[in-house]
Structure formats: structure tokens, C-alpha cells
Amino acid sequence: MTKRRIVVTGLGLVTPLGLDVNTTWQALLQGQSGVELLPEFNHEAFSTKIGAVVKAFNPEVAIPPKDVKKLDIFIQYGAVAAKEALTDSGLLVQADKLDMARIGVLIGSGIGGLPIIEKTVRNMAENGPRRVSPFFIPSAIINTLSGYVSMQYGFLGPNFGIVSACATGAHSIGQAMRMIQYGDADVMVAGGAEMTMCPSAMAGFAACRALSQRNNEPTKASRPWDKDRDGFVMGEGAGVIILEEYEHAKARGAKIYAELSGFGMSSDAHHLTLPHPEALGATLAMQHALKDANLAPEKINYINAHATSTPAGDAVEVLAIKNTFREHAYQLSVSSTKSMTGHLLGAAGAIEAVFSVLALRDQIMPPTINLDQPGDDCDLDFVPHQAKEGIVNATLSNSFGFGGTNGALVFQKI
């Protein structure tokens, strides 16, 4: 079967750096950190008291007020990002000319409605089961996000959610790409959303010893590849991109950002939370993505790394890059935008896919901030401190998750 070409025609973001694509991207290029002290966790019970939160968020820019109370915050983030992406794509003004049965939605989440689950359990314990909201279940389940977006705009194509921990966003985009290639749709609204800045998640990730405890220096806490890194900083938000079959996009005169040419997946088959020490799974995901794109490793100019600022994970990803790119690993640039956004868990791969596309558009690579002294074996060009201009014809975006799940996306100029 001849593969249909897939292009990106719309972008949408809600992040700790901004409530839209342009604001977030400019803050990123300037090296701004979205991490701050969180007053609600500023007591002895919590070892980590910092996070990267979305600020001044108004869900009513995309959601009618009557619906806001029915939807957990991760759904609200995703709906707002989806509206920006759809507006950017031009699809909404052409709706009367589109076949709605050929447009689908696949926006996932790594954890979903944990805040509303916490709130409901407390409410039930205090007031009894009859006080549980009828909106509780649909507000908490992950596929409600895709369902709500499809209902908002009348999209009749595939509609579901993917859950694969911190690889969710990348897997959602990759699977949406495959669905268009296979012929299930011509357009897919794809990405990830997350909001788990709540007590159980903070306590749970801290119990895994995954979170940074640099509470006295919040903006310096997320420091991928630095020798003093001590864990990731949790973030929140959403990223959505519009994927479209190339001929369909051309026929309607769409603005085309880039081509999504490759998608690779793999498993570490090693440990629930730790990466394979020899980087087998991460290496395979990148190799599969390059093969799917029919692209030689030497053609990649920039990698938006998964690198979360954990001691084990960052070093293993460097090894995987060296395994995949060999000598070319020292010629390309690699950065971790999580140094500024924090780790958005199931939304991370989606917002970082957006960043990878914007690097192609603007021919500039965002920095890794807080990289003062690289750790052992962390010896690649990590774009420390300042964004770097350069030739960017092809980018690769990595996402790895608990359970040993891995995903990689390749974007190219068109």
C-alpha cells in the first residue's frame, strides 16, 4: 500500500509559559522558566513544593460556561488548545465544505481526571454517595476530551483517547497519522492534555523519588543533563496539532507547517519506572521512526529530547541518541524544553511536537536552560542557556513513559 503523506496544518498550546502558541514559543526562545513555588504544597507533608502551572487560564474562550463545571481541568486545557489549532488550520471557516465523517479526534492523557477523582472521594467520605455529581464519571475519563471536541465541531470520524503515560502525546499523534495513512480519516485533531497538580499525584511521584526537591530555587529545579539534576518538575497543559492528508490540505489551500514523515514505537521490557540501562527501547523507537520516514540519520538536524531532569533517564537518552546516530550525534543539536515547561506527562509529547514543528518553521532551536555543568557522558550539543539559529530541515521528538513505553516522531520541511 502506498502511504498517504501527512502534513501539519494547525497548532494549539496551553502551557505554563503561555495560553497560546505564539506566547509560549517566544517565552521558550527567551529561556523563561514556568516553574514556581506552589503555596498549597508548602508544608512539611510534601517533600516537593514546586511545579509548572498554567496561569490566568480562562476555559470560556472555547467552552460555554454551562459546560465548564462538567469537565475536569485537563479536558478544559485540551479543548482550548484544540480550538486554537482548528482556528489556525482554517478548517472552522471551511466547515460547510468539509466531509465531517472524514475528520476525527485523538487527544489522550497520561492520567486523566485525578483532581476530580480526589475531590469526589473526599466529598463522598464527608457527605455520602448521594452527593456525588452526575458529571463525575464523564468528567474524569480520558476519552471524554476527544468526545467533547468532536461534539463541539460535529466531527464524525474516529474519536477516542490513548493512555501511555508520558508517551501519550506522541503516541496519539503517531496513531492519528497512521489512521490517515490507512484511510480511516483525512484530518485528525491529535495531541495530549494533563493536569495532575494535586496531592495524590505529588505524593505518588515523590514516593517514586522522581520529583526534584530544589524547592528554594524553583526556576532552576528542572535541569536536564546537569550534574546536579535531582528529578523532574511536574507541569500541566495541553498540545494539539491538526494532521491532514497532503492532497486534502492542498485542495483547500491550507497553510502547511511541516510533514509528519515518521513514527516509531517500542518497549523497554525492563522495569515499571526505570529506563533500560542499555537504552534498547529508546534506540529502537528512534530507529523505527527514521525507517518509517525513509530518512537517513544524518538528515536530522535537531532532537527535542524527552530528557526530564532525572539522573537515570537523561543519561540513557544520550546513550540512545549515540546508538542511533553514531558520529552524527555530535553534529546535531539536542535540547530539553522541559527545563522551562516542566514535565507535562501525557501532554509532553504533544507540546514538544509543536515545538519541533516551530523549530522547522523558524529555523531556530530552543535552549536547555539550567545546564551549568553537564553530567557524566552527557557530552552532546544540548543548546545550553540560549536558543540557537541554524539549518533545520528535519527534527525528531522523543517521548518515553512509565511501563517502558517509547515513541518518536519525525517532522520535515516541505
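Anyway, here's the lowdown on the structure attached to this text. Just so it is clear, the model here is predicted, and its values are computed rather than measured.

Attention shifts here to the pairing of strand β6 (residues 187–194). Among the eight residues of β6, eight are classified as buried, and the element is accordingly described as predominantly covered. Neither face of β6 is open: one carries Val187, Val189, Gly191 and Ala193, the other Met188, Ala190, Gly192 and Glu194, and all of them are buried. As paired strands, strand β4 (residues 103–108) and β6 are joined by six bridges and run parallel to one another. Note that in β6 the partner of Leu106 across the bridge is Ala190. Of the pairings in the sheet, the one linking β6 to strand β7 (residues 237–245) comprises eight bridges and is antiparallel in character. In the sheet register, Gly192 faces β7, and the bridge partner there is Gly239.

By the definition in use, this model includes 22 salt bridges. The salt bridge involving Lys227 is made with Asp228; its shortest N-O contact spans 3.2 Å. With a relative accessible area of 44%, Lys227 lands in the partly exposed category. Between Lys322 and Asp379 there is a salt bridge, and its shortest N-O distance comes to 2.8 Å. Taken together, the positions of Lys322 in helix α11 (residues 311–325) and Asp379 in the loop between β11 (364–365) and β12 (388–389) put the pair 57 residues apart, joining distant regions of the chain. Residue class for Asp379 comes out partly exposed when judged on its relative accessible area of 41%. Taken together, the shared-partner salt bridges in this structure form one network comprising Lys3, Arg178 and Asp292.

So, how was this worked out
Residues numbered from 1 in each chain as written. Predicted model: local features only at pLDDT ≥ 70, side-chain atom pairs only at ≥ 80, totals over all residues. Heavy atoms only, no water. Buried < 20%, exposed > 50% of the residue type's maximum accessible area, 1.4 Å probe, protein only. Helix = DSSP H or I, 4+ residues; strand = E, 2+ residues; numbered from the N terminus. Pairing = 2+ DSSP bridges. Salt bridge = Lys/Arg side-chain N within 4 Å of Asp/Glu carboxyl O.

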